[in-house]
Amino acid sequence: MKKINWYPPVILGLLALLVITFGALVVSTSSKGPTQHFAKGSDQETFEWKLVTTWPKNFPGLGSAPERFAKKVAAMSDGRLKIKVYGAGELVPAMGVFGAVSDGAAQMGHGAAYYWKGKIPAAQFFTAVPFGLNAQEMNGWLHYGGGMELWRELYEPFDLIPMAGGSTGVQMAGWFNKEINSVNDLKGLKMRIPGLGGEVLNRAGGTAVTIPGGELYTALQTGVIDATEWVGPYNDLAFGFYQIAKYYYYPGWHEPGSILEFIVNKTAFEKLPPDLQAIVRTAARDANQDMLDEYTARNNRALQELVDKHGVQLRRLPDDVIVYLKKINNQIMEETAAEDPQFARVYKAYKEFESQVVPYHRISEEAYYQARELGDGDAVAD
Ligand code: CA
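All of these numbers come straight from a predicted model, not from anything done at the bench.

How each quantity is defined
Residues numbered from 1 in each chain as written. Predicted model: local features only at pLDDT ≥ 70, side-chain atom pairs only at ≥ 80, totals over all residues. Heavy atoms only, no water. Helix = DSSP H or I, 4+ residues; strand = E, 2+ residues; numbered from the N terminus. Buried < 20%, exposed > 50% of the residue type's maximum accessible area, 1.4 Å probe, protein only. Contact = heavy atoms within 4.5 Å. Areas by Shrake-Rupley, 256 points an atom, 1.4 Å probe, with all protein chains shown as cover. Donors = N, O, S within 2.8 Å, 3.2 Å for Na, K, Ca; no water. Pairing = 2+ DSSP bridges. Bend = angle between axes of the 7 residues up to and from the residue. Polar contact = N/O pair within 3.5 Å; in protein donor to acceptor, adjacent residues only side chain to side chain. Phe/Tyr/Trp six-rings, centres within 6.5 Å; stacked < 30°, edge-to-face > 60°. Axes fitted to C-alpha atoms, helices over the stretch in contact; angles between N-to-C directions.

Visitor: How do you make sense of the overall build of the chain when you look at a structure like this?
Guide: Of regular secondary structure, the chain possesses 12 helices and 11 strands. Relative to its full complement of 382 residues, the chain shows a buried share of 47%. Considering only residue pairs separated by 6 or more positions, the chain has 78% of its internal contacts joining residues 24 or more positions apart. Summed over its atoms, the accessible surface of the chain is roughly 19200 Å², and 56% of this surface lies on carbon and sulfur atoms.

In structure tokens, the structure reads:
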């Protein structure tokens, strides 16, 4: 019994030691508290960025992506990263976006990589390749198929980081004032069509020009150009092309799933704390998907309005014209790859991805599209 009496003091002693140790920990933690808070406080630095775009301010679809991006970044960062969006011509002209962000005059830009083909021919892969990957496949290639790494390499020498900044889905072939019944109808045609599609038109006997969206209506109206492509029904309706062009052609062979881009000045990006960097990346990824969702929801209604209300004549490009354009495109791709090692490297990677994804999509996406149409219009069997 006597032995047992020894225990309470020992336990009490141990408890006291625990209390003292715990107390010391509490004191030391709380004394560290303000220091830690202060350390964290330095992360509370706020940043104000400029984002320049190749689109008119608040233009539907393409132009609303950077606005939504900026709002999401402000909300996610609790106002620590404020991004002001400038429309084409407000701070720099549409085609000056790449240079302005590269120089650091603006920290970010929104546009399309194929606008910079004069500087980097291989940049065109990161918008669209005629007869190439669609929206779903482009997103797969960029984010899980090695495409983004190649894109980053291309922009690295310009102190730029690219991010996918929206997708239009398959575009329309464009607006014409004469019917395209054969390849001869392409000869002498002066058309706004950027990127690789433009090079195809040039070789088909036409003249391709790159004019920013905001100047297109006037160019077509005044006869500076005979025809134009832009995006698809939702965007084209907003531009009012139906007022000055009669025929609306499909499919958009030249832009089967165009990806827009955000470009970020690398030096400015690296000055952001990691959480703000993650917010920029996440908001860009969100804007990328958001645009495709919006087009998917709105294109069809806009097309109905164009046809039913404005009397637009919808036309499909004849098969022989499509086959001809495809043949020319293959020649151009091979020739450009032979001249430009950087283009060749990206082309090889793009084709490798394509050779994997297309056969599978033949038995998944494509087979499903066909299955969905099967039996439509047939009488129901008794
Ligand atoms: Ca286009």
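Visitor: Please explain the coordination of the calcium ion as it appears in this structure.
Guide: Each angle at a metal carrying four tetrahedral donors should ideally be 109.5 degrees, and each at a metal carrying six octahedral donors should ideally be 90 or 180 degrees. Distances from the calcium ion to its protein donors, Q171 (OE1), E229 (OE), E229 (OE), W230 (O) and E255 (OE), fall at 2.1 to 2.8 Å. For the calcium ion, the single-chain donor residues occur in sequence as Q-x57-E-W-x24-E. Here E229, found in the loop between β8 (227-228) and α8 (233-239), pairs with E255, found in the loop between β9 (247-250) and β10 (259-265); they are 26 residues apart in sequence, far enough to count as distant. The residues E229 and E255 share a single accessibility class, namely buried.

Visitor: Any chance you could explain helix α6 (residues 195-203) here in plain terms?
Guide: Three or more residues of α6 are buried, namely G195, L196, G197, G198, V200 and L201. Its buried side turned inward, α6 meets β6 (190-192), β7 (207-209), α11 (319-339) and α12 (341-373). The positive-phi residue at the C-terminal boundary of α6 is G205, with phi of around 105 degrees.

Visitor: Teacher, can you tell me more about the pairing of β9 here?
Guide: Remark: a regular strand shows side chains that alternate across the two faces of the sheet. Note that strand β5 (residues 174-176) and β9 share three bridges and pair antiparallel. Each residue of the ladder has a partner; that of F176, found in β9, is Y247. Of the pairings in the sheet, the one linking β9 to strand β11 (residues 313-316) comprises four bridges and is parallel in character. Bridged to Y248 within β11 is L314.

Visitor: Looking at this structure, how should I read α12?
Guide: In an α-helix, one turn spans 3.6 residues; hence positions three or four apart end up facing the same way. The sharpest bend along α12 comes to roughly 55 degrees, located at H361. If you check which residues of α12 are buried, you get F343, V346, Y347, Y350, F353, V357, H361 and S364. Residues of α12 that are buried in the fold lie against α4 (135-144), α5 (147-155), α6 and α11. In this structure D340 caps α12, since a side-chain oxygen of it lies 3.0 Å from the backbone nitrogen of Q342. Immediately downstream of α12, the backbone of G375 shows phi near 80 degrees, a positive value.

Visitor: In this structure, what is going on with the packing of aromatic side chains? I would like to understand it.
Guide: Each pair of aromatic rings is reported with the distance of its centres and the angle of its planes. Taken as a whole and judged by the stated rule, the model has 25 aromatic pairs. With 6.3 Å between their ring centres and 70 degrees between their planes, W55 and W230 make a pair best called edge-to-face. With W55 in the loop between β1 (47-53) and α2 (64-76) and W230 in the loop between β8 and α8, the pair connects residues that are 175 residues apart, well separated along the chain. The residues W55 and W230 share a single accessibility class, namely buried.

Visitor: What is the right way to read the environment of I259 from this model?
Guide: Take I259: it is sitting in strand β10. According to the relative accessible area criterion, I259 is buried, its value standing at 0%. Separated by 29 residues in sequence, I259 and N288 have C-alpha atoms that sit 8.1 Å apart. In this structure I259 touches F126, T127, M138, N139, L142, W151, A164, G166, S167 and N288, once residues within four positions along its chain are discounted.

Visitor: What am I meant to see in the sheet that holds strand β4 (residues 160-167) here?
Guide: Backbone hydrogen bonds are what pair the strands of a sheet, in a parallel or an antiparallel way. Taken together, five strands build an open sheet; the order of strands is β2-β1-β3-β10-β4 and the sheet is mixed. Each of the sheet's edge strands pairs with one partner strand only, and the pair in question is β2 (81-86) and β4. Taken over all neighbouring pairs, the strand axes of this sheet differ in orientation by 25 degrees on average, direction set aside. Here β1 pairs with β2 via six bridges, running parallel. In the strand pairing of β2, L51 is matched with V85. Sheet contacts for helix α10 (residues 274-309): β1, β2, β3 (108-111), β4 and β10; angle to β4, the most-contacted strand, approximately 30 degrees.

Visitor: Teacher, can you tell me more about unusual backbone geometry here?
Guide: Glycine aside, residues mostly have negative phi, and peptide bonds are mostly found in the trans state. Note that the residue after Y250, namely P251, is joined by a cis bond; omega there is -5 degrees. Structurally, the position occupied by P251 is in the loop between β9 and β10. Phi is positive for F131, which is not a glycine, with a value near 65 degrees. With respect to the helices, strands and loops of the structure, F131 is situated in the loop between β3 and α4. The exposure class of F131 is partly exposed, given its relative accessible area of 24%.

Any functional reading would require information beyond the geometric quantities listed.
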